[in-house]
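Descriptive analysis of the structure
Residues per chain, in single letters:
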Amino acid sequence: MEKTPDGHHVLIKGRKWRATDPSLPEDVSARLRKHLMAARRAVRSATTAGDERAERDARSRVQHAKVALGERGTPWWEQSEAQRRERWEHHLAALDAIAPPARKDHREEG
């Protein structure tokens, strides 16, 4: 993926998008991406079903994930390390409360 020289944005099909905060720990980033993808699937399902409330709730989850990743809200490069950490911790906790991560099926282990 091509990035701008300052690393603040990525270029996709000629369009500039804010890059994910590079200070996110990889495990946190992976959890947030899972939440984001699940929320996007929920938006699609709710839209298809014509369920406005479910769509609103799913879009709120997308927003939480995007802000936590640093892709929306105050630019991550304008925040201190403490502010950046507080940002992702707050939004990840909210996402976990709204849509807890699926538990691993113990039969799949081993």
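Values in this document were obtained by computation on a predicted structure and should not be read as measured data.

1. Examining the packing of aromatic side chains
The relative placement of two aromatic rings is captured by the distance of their centres and the angle of their planes. Using the criterion set out here, one finds 1 aromatic pair in the structure. Taken together, a centroid distance of 5.1 Å and an interplanar angle of 85° make the contact between Trp76 and Trp77 edge-to-face. Judged by its relative accessible area of 29%, Trp77 falls in the partly exposed class.

2. Side note on the pattern of salt bridges
Applying the stated criterion across every chain yields a total of 8 salt bridges. A salt bridge links Arg59 to Glu55; its shortest N-O distance comes to 2.9 Å. Pair noted here: Arg59 and Glu55 are both in helix H2 (residues 52-69), with a separation of 4 residues, about one helical turn. The shortest N-O distance in the salt bridge between Lys66 and Glu71 comes to 2.5 Å. A relative accessible area of 12% means that Lys66 is categorised as buried. Residue Glu71 is classed as buried on the basis of its relative accessible area, which comes to 18%. If you follow the salt bridges from partner to partner, you end up with Asp21, Glu81, Arg84 and Arg87 in one network.

3. Here we look at the sheet that holds strand S2 (residues 9-12)
Taken in spatial order, the 3 strands make up an open sheet running S1-S2-S3, and their pairing is antiparallel. Of all the strands in the sheet, the pair left with one neighbour each is strand S1 (2-3) and strand S3 (15-18).

4. As for the side chain of His91
Here His91 lies in helix H3 (residues 81-98). A relative accessible area of 14% places His91 in the buried class. Setting aside its immediate chain neighbours within four residues, His91 contacts His64, Val67 and Ala68.

5. Some thoughts on the packing of H2 against H3
Direction vectors running N to C along H2 and H3 enclose 155°, while the axes themselves pass 8 Å from each other. By the angle class used here, H2 and H3 are roughly antiparallel. As H2 runs across H3, the sense of the crossing is left-handed. In this structure, H2 contributes Arg61, His64, Ala65, Val67, Ala68 and Leu69 to the contact, and H3 contributes Arg87, Trp88, His91, Ala94, Leu95 and Ile98.

6. What to know about the nonpolar core
Ranked by internal contacts, the top residues of the largest apolar core, which has 14 residues, are Leu24, Val28, Leu32, Leu36, Val62, Leu69 and Trp88. When near neighbours in sequence (up to four residues on either side) are disregarded, Val62 contacts Leu36, Ala39, Arg40, Val43 and Arg72.

7. Some points on the confidence of the model for the protein chain
For the protein chain, per-residue confidence averages 91 on the pLDDT scale, and residues scoring 70 or more make up 91% of the total. Segment residues 104-110 is flagged for pLDDT under 50; beyond a separation of four residues in sequence, or across chains, it makes 1 contact in the model.

Conventions we followed
Residues numbered from 1 in each chain as written. Predicted model: local features only at pLDDT ≥ 70, side-chain atom pairs only at ≥ 80, totals over all residues. Heavy atoms only, no water. Phe/Tyr/Trp six-rings, centres within 6.5 Å; stacked < 30°, edge-to-face > 60°. Buried < 20%, exposed > 50% of the residue type's maximum accessible area, 1.4 Å probe, protein only. Salt bridge = Lys/Arg side-chain N within 4 Å of Asp/Glu carboxyl O. Helix = DSSP H or I, 4+ residues; strand = E, 2+ residues; numbered from the N terminus. Pairing = 2+ DSSP bridges. Contact = heavy atoms within 4.5 Å. Axes fitted to C-alpha atoms, helices over the stretch in contact; angles between N-to-C directions. Parallel < 35°, antiparallel > 145°, perpendicular 65-115°, else oblique. Left-handed = near helix turned anticlockwise from the far one by under 90°. Core = buried A, V, L, I, M, F, W, Y, C linked by side-chain atoms within 4.5 Å. pLDDT = per-residue confidence, 0-100.

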